[in-house]
Amino acid sequence: MKLVVLANREPVRRVGERYEVALGGLAAALYPAIQARGGVWVAWGPGGQDERIELPGLVVRRVPISARRVAGYYRGFANQALWPLFHLFLEHFRIKRGWWRDYRAANAAFAKAAFQEGGPDALYWVHDYHLALAPALLREAGARWVGIFWHIPWPPLEVLSVLPEAEALVRGMLGADLVGLHTPDYVERFLEAARGLLGVRVTEGGVWFGGRFVRVAAFPIGVDVAGLRDARERVRERAAEIRAAFPGRRILVGADRLDYTKGIPERIRGYRRFLEKYPEWVGKVVFLQLTAPSRESVPAYRGLKSRLFRLAEATERRFPGAFVHRYAALSRDELLAHFAAAELTLVTPLRDGMNLVAMEYALVSEGLPLLSRFAGAARYLKGAFPVNPYDPEGLADALAEALVLSQAERRARRTELLASVQGLDVGNWTEGFLEALSK
Ligand code: ADQ
């Protein structure tokens, strides 16, 4: 069956006059499945022109969305209403007249382009909070197999109810045959929302809606296990260079997109507390925070960026040599080399749908993650040190404990960690979702 993926970002980049597949993130996860089935990726494309890009094993269909509409659909409704609300950041939640209209229009444009590509019998796989209404729109057009995967957390009903369009949003998603989320907790809350907002009948594993059964289940995403293991060898030399740049210091690393959900200032505060409380470590550790720029057109992110830069500079001054902030989107191998060079990683989101950093780190390094209990990944990754990022004291203590771990405990934790990461291979995630959808 032909596969049609709907996802906001296109999986290609322009190289001179040509395009090539850009295998980052979701694209890397879905490319093999699209290649195997022959498929189309429907994405928001720049340029204002409806274009089709044909690449080996992949067609990209670009949906033209005007700049004015992008402001409401993407920067507005998706990133200033849904993103903060679903991550429980009510203080960043904004709603403006017109955003919802743009969101609906963009979803309709996606669904229309997708249906033109796939017709009634394709498998439609919709991704994420940008496109919650696409499943119902595809179904109305005549699609028979529709799934949606929700990459961010699902909040409690009381929080969701803050959104004036909550009911319409859930109704849009229930146009699908299969709704996937990362964890059983999110699944439960999604079912609670369907029951509470639409009064639908919820049974084991799903809901009855409009005479159809919609299956709702947890599909925890993972990483490319084999690919990351291969990367270890490739980045070995660069990792040694990074270690050599900090002689006599044990290396800790943190890596995230710049986002208030990722708990980057909280992590730095925890690290500062650690150096104050355990001064014997001053001069013996260095923490490298690698932050990739993100969503700089959204006001909350600009504010976060300046606060983060101030905190980073103050930390570099207060503890010379103990902290480095790099603000850049690193190449894949450069990032992995930093992981390989570090003996601990601090993954401290205040809220995260899943979080892939701890898994990537586990596979390319010899070390262990400190992992926020508010990341979806915390439910799955054994062997990590669970932390509460809101509590600098607890973070400091966890760091102190992790740095003096005995060889035996380190080995035992690594074994558990690797077993859980290997159990979450991204290839299985993709095939598992598609298999459930085509049943
Ligand atoms: P994200 O919020 O983007 O994804 P995450 O899953 O952690 O979060 O993925 C981030 C990716 O960016 C990782 O692959 C990481 O290696 C990379 N990265 C981090 N810092 C970088 C840097 N400085 N330079 C270059 N690359 C960097 C959303 C949800 C998550 C969910 C995923 C997948 O918010 O909760 O896990 O989708 O469903």
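Before going into details, it helps to say that this report is about the structure given with it. (Residues numbered from 1 in each chain as written. Predicted model: local features only at pLDDT ≥ 70, side-chain atom pairs only at ≥ 80, totals over all residues. Heavy atoms only, no water.)

### A closer look at the site of the ligand
Next, step 1: Around the ligand lies a shell of 23 residues, among which His 151, Asp 352, Met 354, Asn 355 and Glu 360 are the nearest.
Next, step 2: Within the backbone of Leu 330, an N or O atom sits 2.9 Å from a nitrogen atom of the ligand.
Next, step 3: Backbone polar atom of Leu 356 to an oxygen atom of the ligand: 3.2 Å apart, as the coordinates give it.
Next, step 4: At the level of elements, strand S13 (250-257), strand S14 (285-292), helix H12 (332-341) and helix H13 (357-364) are the ones that each hand at least two residues to the shell around the ligand.
Next, step 5: Partitioning the shell around the ligand into residue classes produces 12 nonpolar, 5 polar and 6 charged.
Next, step 6: Two domains share the shell around the ligand, each providing at least three of its residues, namely domain 1 (3-221 + 426-438) and domain 2 (225-422). (Near = heavy atom within 4 Å. Polar contact = N/O pair within 3.5 Å; in protein donor to acceptor, adjacent residues only side chain to side chain. Helix = DSSP H or I, 4+ residues; strand = E, 2+ residues; numbered from the N terminus. Nonpolar A, V, L, I, M, F, W, Y, C, P; charged D, E, K, R; others polar. Domains from an automatic or database assignment.)

### A look at unusual backbone geometry
Next, step 1: Here Leu 88, not a glycine, exhibits a phi torsion of approximately 65 degrees, which is positive.
Next, step 2: Along the chain, Leu 88 turns up in the loop between helix H2 (67-86) and helix H3 (99-118).
Next, step 3: A positive phi is found at Arg 295, a non-glycine position, where the angle reads about 50 degrees.
Next, step 4: Secondary-structure assignment places Arg 295 in the loop between S14 and helix H11 (299-318).
Next, step 5: The exposure class of Arg 295 is buried, given its relative accessible area of 17%. (Buried < 20%, exposed > 50% of the residue type's maximum accessible area, 1.4 Å probe, protein only.)

### A few points about helix H16 (residues 426-438)
Next, step 1: The first and last C-alpha atoms of H16 sit 18 Å apart over 13 residues, in line with the 18 Å expected at 1.5 Å per residue.
Next, step 2: Listed as buried for H16 are Val 426, Trp 429, Thr 430, Phe 433, Leu 434, Ala 436 and Leu 437. Angularly, the buried residues of H16 cover 160 degrees about the axis, an arc narrow enough to put them on a single face. Exposed positions of H16 whose direction lies more than 90 degrees from the buried face are Asn 428 and Glu 435.
Next, step 3: Packed against the buried residues of H16 are strand S1 (3-6), helix H1 (25-37), strand S7 (123-127), strand S8 (145-149), strand S9 (178-181) and strand S12 (212-218).
Next, step 4: Two or three places before Gly 427, at the start of H16, stands the capping residue Asp 425, its side-chain oxygen 3.0 Å from that residue's backbone nitrogen. (Expected span 1.5 Å × (residues − 1). Arc of directions from axis to C-beta. Contact = heavy atoms within 4.5 Å.)

### Quick word on the sheet that holds strand S16 (residues 344-347)
Next, step 1: A sheet is described by the order of its strands in space; here 6 strands give the open sequence S15-S14-S13-S16-S17-S18, paired in parallel fashion. Either end of the sheet is taken by a strand with one partner, and the two such strands are strand S15 (323-327) and strand S18 (385-387). Adjacent strand axes in the sheet meet at a mean angle of 20 degrees when their direction is disregarded.
Next, step 2: Where S13 meets S16, 2 bridges bridge the pair, whose relative direction is parallel. Counted as the bridge partner of Leu 252 is Leu 344 from S16.
Next, step 3: Sheet contacts for H11: S14 and S15; angle to S15, the most-contacted strand, approximately 150 degrees. (Pairing = 2+ DSSP bridges. Axes fitted to C-alpha atoms, helices over the stretch in contact; angles between N-to-C directions.)

### Considerations on the packing of H1 against H16
Next, step 1: Where H1 contacts H16, the two axes come as close as 9 Å, and the packing angle between them is 55 degrees. Relative to H16, H1 is oriented oblique. Considering how the two elements wind past one another, H1 and H16 form a crossing that is right-handed. Judged by residue contacts, Leu 26, Ala 29, Leu 30, Ala 33 and Arg 37 of H1 engage Val 426, Trp 429, Thr 430, Glu 431 and Leu 434 from H16.
Next, step 2: Here the contact of H1 with H16 is built from residues that sort into 7 nonpolar, 1 polar and 2 charged. (Parallel < 35°, antiparallel > 145°, perpendicular 65-115°, else oblique. Left-handed = near helix turned anticlockwise from the far one by under 90°.)

### Points about the nonpolar core
Next, step 1: If you look at the biggest cluster of nonpolar residues, it comprises 173 residues, and the most contacted ones within it are Leu 6, Trp 150, Trp 154, Leu 169, Tyr 271 and Phe 274.
Next, step 2: If one sorts the elements of this core by residue count, H2 sits on top with 10 residues.
Next, step 3: Split by domain, this core shows at least three residues from each of two domains, domain 1 (3-221 + 426-438) and domain 2 (225-422).
Next, step 4: With residues up to four places along the chain from it excluded, the contact list for Phe 274 reads Trp 281, Val 285, Ala 396, Leu 399, Ala 400 and Leu 403. (Core = buried A, V, L, I, M, F, W, Y, C linked by side-chain atoms within 4.5 Å.)

### Some remarks on the pairing of strand S17 (residues 368-372)
Next, step 1: Most of S17 is tucked away: 5 of the 5 residues are buried.
Next, step 2: Alternating residues of S17 divide into Leu 368, Leu 370 and Ser 372 and Pro 369 and Leu 371, and every residue in both groups is buried.
Next, step 3: Crossover S16 to S17 through H13 is right-handed.
Next, step 4: Taken together, the 3 bridges between S17 and S18 define a ladder with parallel strand orientation. Within S18, the position partnered with Leu 370 by the bridge is Phe 385. (Right-handed = clockwise from strand over helix to strand, strands pointing away.)

### So, the side chain of Arg 414
Next, step 1: Mapping Arg 414 onto the fold places it in helix H15 (residues 407-422).
Next, step 2: It turns out Arg 414 is buried and unbridged, and the closest side chain with the opposite charge, Glu 366, is 5.4 Å from it.
Next, step 3: Setting aside residues no more than four positions away along its own chain, Arg 414 makes contact with Arg 232, Ala 362, Ser 365, Glu 366, Gly 367 and Leu 368. (Lys, Arg positive; Asp, Glu negative; His and termini not counted. Salt bridge = Lys/Arg side-chain N within 4 Å of Asp/Glu carboxyl O.)

### Some thoughts on the side chain of Ser 294
Next, step 1: When you line up the elements, Ser 294 lands in the loop between S14 and H11.
Next, step 2: Contacts of Ser 294, omitting those with residues within four sequence positions, involve Arg 257, Leu 258, Tyr 301 and Tyr 327.

### Examining the packing of helix H6 (residues 166-173) against helix H7 (residues 184-198)
Next, step 1: Closest axis-to-axis distance for the H6/H7 pair is 10 Å, and the angle between their directions is 120 degrees. The handedness of the crossing between H6 and H7 comes out as left-handed. Here Ala 166, Glu 167, Val 170, Arg 171 and Met 173 of H6 lie close against H7, whose contacting residues are Phe 190, Ala 193, Ala 194, Leu 197 and Leu 198.
Next, step 2: Grouping the constituent residues of the contact of H6 with H7 by class yields 8 nonpolar, no polar and 2 charged.

### Some points on the pattern of salt bridges
Next, step 1: Tallying each qualifying case throughout the model produces 33 salt bridges.
Next, step 2: Across the pair Arg 37 and Glu 431 runs a salt bridge, and its minimum N-O distance is 2.9 Å. Highlighted residues: Arg 37 in helix H1 and Glu 431 in helix H16, separated in sequence by 394 residues.
Next, step 3: The exposure class of Arg 37 is partly exposed, given its relative accessible area of 29%.
Next, step 4: Look at Glu 431 and you get partly exposed, because its relative accessible area is 36%.

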